[in-house]
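Coordinate inspection notes
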Amino acid sequence: MREKIFSNGRYRHFRKGDIYNDPRIQTGPGQKDFVVMSDDPRDLPFLRQYLKNEHKRYPCEPYNSFTTGVDAKGVPMIGLYWIDQNLEQTKKAMILCTNGCEESVLEIVDECCQKYDEAICSTL
């Protein structure tokens, strides 16, 4: 599964559910969140809380799509985006998946992804 989803040199874009068919947050003024996850047992509960916007210290903006890819060193990355009714895309956060945690992180990302409006889905 890793080779198909996290391929070098190209990104894959998903809508909620599509993936099944086919306190390391860095942010600065005017920048989107950059989250680094590992295989630490505390990371996944933290990520779920963060993505559901239930973490008081680290608010998360909603997203309705995500992309997968790898960085220059081959580390899997997941980008979170909001696509509006005009199909304009806004980046909300990037998640870097270290130590082989990408499949678990991807499950949580898909679980917390908001559904598209039906009108938007039919035009994609």
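Above this text is the structure in question.
I will try to describe carefully the structure that is included in this document. (Residues numbered from 1 in each chain as written. Predicted model: local features only at pLDDT ≥ 70, side-chain atom pairs only at ≥ 80, totals over all residues. Heavy atoms only, no water.)

1. Focus on the environment of G69
With respect to the secondary-structure elements, G69 resides in strand β4 (residues 65-70). Along the chain, G69 and G79 lie ten residues apart, while their C-alpha atoms are 8.4 Å from each other. (Helix = DSSP H or I, 4+ residues; strand = E, 2+ residues; numbered from the N terminus.)

2. Describing the packing of aromatic side chains
Tallied over the full model, the rule gives one aromatic pair. Aromatic pair F46 and Y50: ring centres 6.4 Å apart, planes at 5 degrees, arrangement stacked. One end of the pair is F46 and the other is Y50, both in helix α2 (residues 43-51) and four residues apart, which spans about a single turn. Just as F46 is buried, Y50 falls in that class too. (Phe/Tyr/Trp six-rings, centres within 6.5 Å; stacked < 30°, edge-to-face > 60°. Buried < 20%, exposed > 50% of the residue type's maximum accessible area, 1.4 Å probe, protein only.)

3. As for the pairing of β4
Buried residues dominate β4, accounting for six of its six residues. Every second residue of β4 is oriented toward a common face, with S65, T67 and G69 on one face and F66, T68 and V70 on the other, all of them buried. With six bridges connecting them, β4 and strand β5 (residues 76-83) associate as antiparallel partners. Along β5, the bridge assignment pairs G69 with M77. (Pairing = 2+ DSSP bridges.)

4. Structural notes on the packing of α2 against helix α3 (residues 102-112)
Packed helices, taken two at a time, are described by their axes: the angle between them and the distance between them. With their axes 10 Å apart at the nearest point, α2 and α3 run at an angle of 20 degrees to one another. As far as their axial angle goes, α3 and α2 are roughly parallel. Considering only the axes of α2 and α3, their crossing is right-handed. Judged by residue contacts, L44, L47, R48 and L51 of α2 engage S104, V105, I108, V109, E111 and C112 from α3. (Axes fitted to C-alpha atoms, helices over the stretch in contact; angles between N-to-C directions. Parallel < 35°, antiparallel > 145°, perpendicular 65-115°, else oblique. Left-handed = near helix turned anticlockwise from the far one by under 90°. Contact = heavy atoms within 4.5 Å.)

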